[in-house]
Amino acid sequence: MTDSARTPTTPPSDRAVAERLVPVWLDEAARYDARAAEAARQDWEQGRLSADAARELADWVTARVTDTGFNEDEGPTPKGPARVTVADKAAVHRWLADQGHDV
């Protein structure tokens, strides 16, 4: 998030989706780059995300839709702590844009 005083234009449900998925993203990111994930977690807890973290989150949520977008006829549902739908991806992207991030 940026420090600028912006009037939110996205619905509160977008924030709720971000609040549900960001901790999942941070836990997964910590397995690959603990230092960057911890910096992003500290920023998140202080109510902001860096531009790099915002891009990583946007990429992650997009990839997770692909990973979890199976139905029983198409293949197994990947195991994971959160199901990410196309609507969730759109909500996170709207929320990031509302925070001033170019995603």
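Residues numbered from 1 in each chain as written. Predicted model: local features only at pLDDT ≥ 70, side-chain atom pairs only at ≥ 80, totals over all residues. Heavy atoms only, no water.

Q: Looking at this structure, I do not really get the pattern of salt bridges. What am I missing?
A: Where charged atoms from two side chains of opposite charge approach closely, those side chains can pair. All chains considered together, the criterion is met by seven salt bridges. The salt bridge partner of D88 is R20, with a shortest N-O separation of 2.8 Å. In this pair, D88 is assigned in helix α4 (residues 86-98) and R20 in helix α1 (residues 12-30), connecting sequence segments 68 residues apart. Classification of D88 by relative accessible area gives buried; the value is 9%. R48 is paired through a salt bridge with D43; the nearest N and O atoms lie 3.6 Å apart. Residue R48 is classed as partly exposed on the basis of its relative accessible area, which comes to 31%. (Salt bridge = Lys/Arg side-chain N within 4 Å of Asp/Glu carboxyl O. Helix = DSSP H or I, 4+ residues; strand = E, 2+ residues; numbered from the N terminus. Buried < 20%, exposed > 50% of the residue type's maximum accessible area, 1.4 Å probe, protein only.)

Q: Would you take a moment to explain the nonpolar core for this structure?
A: One recurring pattern in soluble globular proteins is that nonpolar side chains are buried together. Counting 23 residues, the largest nonpolar core has L21, W25, L49, L57, W60 and L96 as the members making the most contacts within it. Among the elements of the structure, α1, α2 (34-45), α3 (51-68) and α4 are those that each provide at least two residues to this core. Not counting residues up to four positions away in its chain, the partners in contact with L96 are L49, A54, L57, A58, H101 and V103. (Core = buried A, V, L, I, M, F, W, Y, C linked by side-chain atoms within 4.5 Å. Contact = heavy atoms within 4.5 Å.)

Q: So what exactly am I meant to see when it comes to α2 here?
A: For an α-helix, 3.6 residues make a turn, and residues three or four places apart therefore share a direction. The end-to-end C-alpha separation of α2 is 16 Å, in line with the 16 Å expected for 12 residues at 1.5 Å each. Backbone geometry just after α2 places G47 at a positive phi near 85°. (Expected span 1.5 Å × (residues − 1).)

Q: Help me understand the packing of aromatic side chains, please; the structure alone is not making it clear to me.
A: What describes a pair of aromatic rings is the distance from one ring centre to the other and the angle between the planes of the rings. One pass over the structure, following the stated rule, counts one aromatic pair. Each ring, one from W44 and one from W95, has its centre 5.7 Å from the other, and the planes form 70°; the classification is edge-to-face. With W44 in helix α2 and W95 in helix α4, the pair connects residues that are 51 residues apart, well separated along the chain. (Phe/Tyr/Trp six-rings, centres within 6.5 Å; stacked < 30°, edge-to-face > 60°.)

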